[in-house]
Amino acid sequence: MATESILIIKNVTMQFGGVRAVHNVDIDLKSGEMLGLIGPNGAGKTTIFNLITGSIQPTEGDILFKGKTIRGKRVDEICHLGISRTFQNIRLFQKMSVFENVALGLHSKPHYSLAEAFIRTPHAAKAENELKEKAYELLKMVNLQDEANKPAGILPYGLQRRLEIARAMATNPDLLLLDEPAAGMNEDECNELVKMVRNIHEQMHYSIILIEHHMNVVMDLCRDANIVVLNLGEVLAVGTPEKIQNDPKVIQAYLGSKRGQNDRYATPA
Ligand SMILES: Nc1ncnc2c1ncn2[C@@H]1O[C@H](COP(=O)(O)OP(=O)(O)OP(=O)(O)O)[C@@H](O)[C@H]1O
Ligand SMILES: [Mg+2]
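Residues numbered from 1 in each chain as written. Chains lettered and ligands numbered in written order. Predicted model: local features only at pLDDT ≥ 70, side-chain atom pairs only at ≥ 80, totals over all residues. Heavy atoms only, no water.

Q: Give me the pairing of strand 10 (residues 234–239): which residues, what numbers.
A: Across five bridges, the pairing between strand 9 (residues 226–231) and strand 10 is antiparallel. In the strand pairing of strand 10, I227 is matched with G239. (Pairing = 2+ DSSP bridges. Helix = DSSP H or I, 4+ residues; strand = E, 2+ residues; numbered from the N terminus.)

Rendered as structure tokens:
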């Protein structure tokens, strides 16, 4: 029996005034699978995430999550349905601690009343302890448990990216969208990130879409999965890492892109 789709993007177009950021895009993500989303700068990758999470509404087309349309739904409604994301431009509460950044996400679903929290009933205290445990569990998954009390803003860039992942996991999503989680990371940090994301995927059984410019990272994480290549808002190719890497259209799109990304299109290690 074929695995069911968790997310279906159907013929979606996004027009910003005169700019057509996304054009007639179809994507089908099966439940529990990982999908790579790559393409040159300005290809429309982040716009796809903005569409899935409801921060913008498609000009045309439909997006189905667990079989139902999410068109017209608000960001918070979509988050409650089970979709969570990280941001290309990190969006943490810089002055709050690492722990608090994760705990805030967990607090979005309190299991006790405000009155109970105020007078600290045993029920509220138990719930607080559970929240603390859960936050540490998530911090451990991204290896940040020892940084829990530091302000998020003083963490090196690579660690802030990992904290973004833990915070996204706090809402207990079924679909996790990672927007360039390896941006700004060196090779060792990239290798560590690959292990971390693989471990999260295996342990949490999330469906994951990964936008990434570091080719080694995306090819490695998607070695048993498909990659969608976007170019100028359109799907240029879909397939396994091997198929994508040998596709002349894909190679041309990268070599011809403004940033000259042939160096980023390295063969995976
Ligand atoms: N809110 C917006 N208003 C107007 N134009 C936008 C908006 N968001 C994105 N765009 C435009 O849509 C196109 C696609 O942008 P997008 O951010 O999706 O690209 P990307 O593939 O994520 O690129 P990068 O790899 O650089 O992050 C670009 O031309 C961008 O300028
Ligand atoms: Mg982007």
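Q: How would you sum up the coordination of the magnesium ion (ligand 2)? Please name residues and give values.
A: Around the magnesium ion (ligand 2), the protein supplies T46 (OG1) and Q88 (OE1) as donor atoms, at distances of 2.0 to 2.1 Å. Of this pair, T46 sits in helix 1 (residues 45–52) while Q88 sits in the loop between strand 6 (83–85) and helix 3 (98–106), and the two are 42 residues apart along the sequence. For T46, a relative accessible area of 23% corresponds to the partly exposed category. On the basis of relative accessible area, Q88 is assigned to the partly exposed category, the value being 30%. (Donors = N, O, S within 2.8 Å, 3.2 Å for Na, K, Ca; no water. Buried < 20%, exposed > 50% of the residue type's maximum accessible area, 1.4 Å probe, protein only.)

Q: For the packing of aromatic side chains, give the residues involved together with the corresponding values.
A: Geometry of an aromatic ring pair is reported as the spacing of the ring centres plus the angle between the planes. Per the counting criterion, the structure on display carries one aromatic pair. Plain terms: the ring middles of F99 and Y136 are 5.5 Å apart, the flat faces sit at 35° to each other, and that makes the pair tilted. Remark: Y136 occurs in helix 5 (residues 122–141) and F99 occurs in helix 3; sequence separation between them is 37 residues. Assessed through its relative accessible area of 16%, F99 is described here as buried. Residue class for Y136 comes out partly exposed when judged on its relative accessible area of 26%. (Phe/Tyr/Trp six-rings, centres within 6.5 Å; stacked < 30°, edge-to-face > 60°.)

Q: Tell me about the nonpolar core, and please be specific about residues and values.
A: Counting 52 residues, the largest nonpolar core has I38, V102, L139, L163, M169, V229 and I244 as the members making the most contacts within it. Split by domain, this core shows at least three residues from each of two domains, domain 1 (29–56 + 73–82 + 175–269) and domain 2 (92–172). (Core = buried A, V, L, I, M, F, W, Y, C linked by side-chain atoms within 4.5 Å. Domains from an automatic or database assignment.)

Q: Please set out the packing of helix 3 against helix 5 residue by residue, giving values where relevant.
A: Running from amino to carboxyl end, helix 3 crosses helix 5 at an angle of 115°, the nearest separation of the two axes being 9 Å. Crossing angle aside, the handedness with which helix 3 passes helix 5 is right-handed. Two secondary-structure elements touch here, helix 3 through V98, F99, V102, A103 and L106 and helix 5 through L131, K132, K134, A135, Y136, L138 and L139. Looking at side-chain class alone, the contact of helix 3 with helix 5 contains 10 nonpolar, no polar and two charged residues. (Axes fitted to C-alpha atoms, helices over the stretch in contact; angles between N-to-C directions. Left-handed = near helix turned anticlockwise from the far one by under 90°. Contact = heavy atoms within 4.5 Å. Nonpolar A, V, L, I, M, F, W, Y, C, P; charged D, E, K, R; others polar.)

Q: Give me the lowdown on the environment of E242, citing residues and values where you can.
A: On the secondary structure map, E242 appears in helix 9 (residues 241–245). E242 sits in the partly exposed class, given a relative accessible area of 48%.

Q: Break down the site of ligand 1 for me, citing the residues and quoting the values.
A: In the vicinity of ligand 1, 14 residues are found, and the nearest of them are G42, K45, T47, Q88 and H213. Note that an oxygen atom of ligand 1 is positioned 2.6 Å from one of the side-chain N or O atoms of T47. Going through the elements one at a time, strand 2 (19–30) and helix 1 are the ones with two or more residues in the shell around ligand 1. Looking at the shell around ligand 1, the element that brings in the most residues is helix 1, giving three residues. The residue inventory of the shell around ligand 1, partitioned by class, reads five nonpolar, seven polar and two charged. (Near = heavy atom within 4 Å. Polar contact = N/O pair within 3.5 Å; in protein donor to acceptor, adjacent residues only side chain to side chain.)

Q: Mind laying out the sheet that holds strand 1 (residues 5–16), listing which residues take part and the relevant values?
A: With antiparallel pairing, the four strands of this open sheet are ordered in space as 2-1-4-5. Every other strand in the sheet has two partners, leaving strand 2 and strand 5 (68–69) as the edge strands with one partner each. In this sheet, strand 5 lies alongside strand 4 (residues 60–65) in antiparallel orientation, the contact comprising two bridges. Within strand 5, the residue paired with F65 across the bridge is K68. Along the sheet, helix 1 contacts strand 1, strand 2 and strand 4; its crossing angle with strand 1, the most-contacted strand, is approximately 115°.

Q: Explain helix 5 to me, and be specific about the residues and the numbers.
A: Structurally, the α-helix is built with 3.6 residues per turn, so residues lying three or four positions apart point the same way. Between its first and last C-alpha, helix 5 extends 29 Å over 20 residues, near the 28 Å set by a 1.5 Å rise per residue. For helix 5, the full list of buried residues reads A124, A125, A127, L131, A135, L138, L139 and M141. Looking one or two places after helix 5, you find N143, whose phi comes out positive at around 55°. (Expected span 1.5 Å × (residues − 1).)

Q: Quick one: what's the story with the side chain of S207, residue by residue and with numbers?
A: Structurally, S207 is set in strand 8 (residues 207–211). Within polar-contact distance, the side chain of S207 engages the backbone nitrogen of G32 at 2.8 Å. The contacts of S207, once residues within four sequence positions are left out, are I6, L29, K30, S31, G32, E33, D174, L175 and L176.

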